[in-house]
Amino acid sequence: MQIGPYTLANPIALAPMAGVTDRPFRQLCRELGAAYVVTEMVSSNPKLKHTRKTIWRSDFDGEPAPLAVQIVGSDPGTLAQAAVYNVGLGAQIIDINMGCPAKKVCGKLGGSALLSDVVLVEEILRAVVTAVDVPVTLKIRTGPDTGNRNGPEVARIAESCGIAALAVHGRTRADRFNGEAEYETIRTICRSVSLPVFANGDVTTPQQARQVLDYTGAAGLMVGRGAQGNPWIFREFNHFLRTGEVLAAPQASEIHSVMRDHLQRLHDFYGADHGVKVARKHIGWYLKDRPDSKHILYDLMRAQNAKEQFHLLEQHFLNPSKLAA
């Protein structure tokens, strides 16, 4: 798959997710097989440039190319300025968020709320593409609601504006994350444009990955919630797509090793206090389906420092009998 001058090593990407796809998680997913990752959405509001959240979300130090930064907003000029600013920080691809269904974002007419105004969509895309000399990509949903799945129209506008690649979540804005993703609209989009398309939404098994790629004709898959607590999903998808064989699930020893490494990166990235808080949600995702994890999760969610988190993990994976006593 090609995005501008960048050839991706495989067709599996990590979807941008606010509060999830920070630098530690992006790096981990790359190491386990994601060919392409995108930052959490960064506000285009210039007043928020120097907030702690924006600084964290704009930190991609040490990450390999291509460095893709997602921006969010609703004003063409402000988004264009944000694109220029982030390219100045080192972004090699700018992604525009028109897919987020969160009320906080849509309430300001950003994210997937923009899909209700295709004239504004075109104004934004042209403004951003014109402002920077790096590839600009777009993340959308299938439309505002099930009565108006205008994704194919938005995709054609995107192509005419010079968008380099498109990611489509198979739900409408009104659907949020309810029900099941549908791929018929993504299939129509792929047949409507010649630019590369990532299919996104509810793809959690290698077999589904193959089926969705075959059915939609998409050039790639973008994995979001399926990667939470399961960064091995990228390795498993790639192995199946190459060989047709299902890769064995990671052993407990590897899960422990990856969790320990991930938590250390979070503590280093966010600092001792905030790192412990951010780590809690990842711990919950990693352990939610593991046997005998209920009691350890209770304690881990209340751990106050890194030393305590690591100690409890060691006990759970290496000496679970002590915890059960």
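It should be emphasised that the depicted structure is a prediction, and the values quoted were computed from it without experimental measurement.

### Brief notes about the overall build of the protein chain
Scanning the protein chain for helices and strands turns up 14 helices and 11 strands. Relative to its length of 325 residues, the protein chain is compact, with a C-alpha radius of gyration of 20 Å against a globular reference of 20 Å. A principal-axis box enclosing the C-alpha atoms of the protein chain has dimensions of 65 × 45 × 35 Å. Residues classed as buried in the protein chain amount to 55% of the 325 residues present. Contacts in the protein chain between residues at least 24 apart in sequence constitute 68% of all its contacts with a sequence separation of at least 6. Side chains of the protein chain carry 36 positive and 32 negative charges; the gap between the two charge centres is 5 Å.

### A short note on the pairing of strand β11 (residues 220-223)
Residue alternation in β11 divides its side chains into two sets, Gly-220 and Met-222 and Leu-221 and Val-223, and both sets are buried. Pairing between strand β3 (residues 12-14) and β11: three bridges, direction parallel. By the bridge assignment for β11, Leu-14 is matched with Val-223. Across three bridges, the pairing between strand β10 (residues 197-200) and β11 is parallel. Bridged to Asn-200 within β11 is Met-222.

### A look at the layout of surface pockets
What the largest pocket holds in volume is close to 1,100 Å³. Here the lining of the largest pocket gets three residues from one element, more than from any other, and that element is helix α2 (residues 52-57). What the second largest pocket holds in volume is close to 280 Å³. Around the second largest pocket sit 13 residues that line it, and Gly-229, Asn-230, Trp-285, Tyr-286 and Asp-289 are the ones nearest its centre.

### A short note on the packing of helix α6 (residues 151-161) against helix α7 (residues 184-192)
Where α6 contacts α7, the two axes come as close as 9 Å, and the packing angle between them is 30°. One finds that α6 runs roughly parallel with respect to α7. Crossing angle aside, the handedness with which α6 passes α7 is right-handed. Between α6 and α7, the residues in contact are Gly-151, Pro-152, Ala-155, Arg-156 and Glu-159 and Thr-185, Thr-188, Ile-189 and Ser-192, respectively.

How each quantity is defined
- All residue numbers refer to position in the chain's written sequence, counted from 1.
- Confidence filtering applies because this is a predicted model: local features only for residues at pLDDT of at least 70, side-chain atom pairs given and counted only at 80 or more, and all residues used for totals across whole chains, interfaces and linings.
- Hydrogens and water are ignored here; the side-chain numbers use all heavy atoms of the structure.
- Numbered from the N terminus, helices here are DSSP runs of H or I no shorter than four residues, and strands are runs of E no shorter than two.
- The atom set for the radius of gyration is the C-alpha atoms, and the globule formula is 2.2 Å times the number of residues raised to the power 0.38.
- Under the scheme applied here, a residue whose accessible area is under 20% of the maximum for its type counts as buried, over 50% as exposed, and between as partly exposed, the area being computed with a 1.4 Å probe on protein chains only.
- Contacts: residue pairs with any heavy atoms within 4.5 Å of one another.
- Charge assignment: positive for Lys and Arg, negative for Asp and Glu; neither His nor the chain ends contribute.
- Taken as the charge location is NZ of Lys, CZ of Arg, CG of Asp or CD of Glu.
- Two strands pair if DSSP finds at least two bridges between them.
- Grid points spaced at 1 Å and placed over the protein atoms alone form the basis of the search, with a cavity being a set where a 1.4 Å probe fits but cannot get out and a pocket an open set showing protein on both sides within 12 Å along at least five of seven lines. Lining residues have an atom within 4 Å of a point.
- Grid points are joined across faces, edges and corners, and a volume is the space filled by probe spheres set on the points.
- Helix axes are fitted only over the stretch in contact, all axes being lines through C-alpha atoms; the angle between N-to-C directions runs from 0 to 180 degrees.
- If an angle is under 35 degrees, it is roughly parallel; if it is over 145, roughly antiparallel; if it lies from 65 to 115, roughly perpendicular; otherwise it is oblique.
- Handedness of a helix crossing follows the sense of rotation of the near helix relative to the far helix, less than a right angle counterclockwise being left-handed and clockwise being right-handed.

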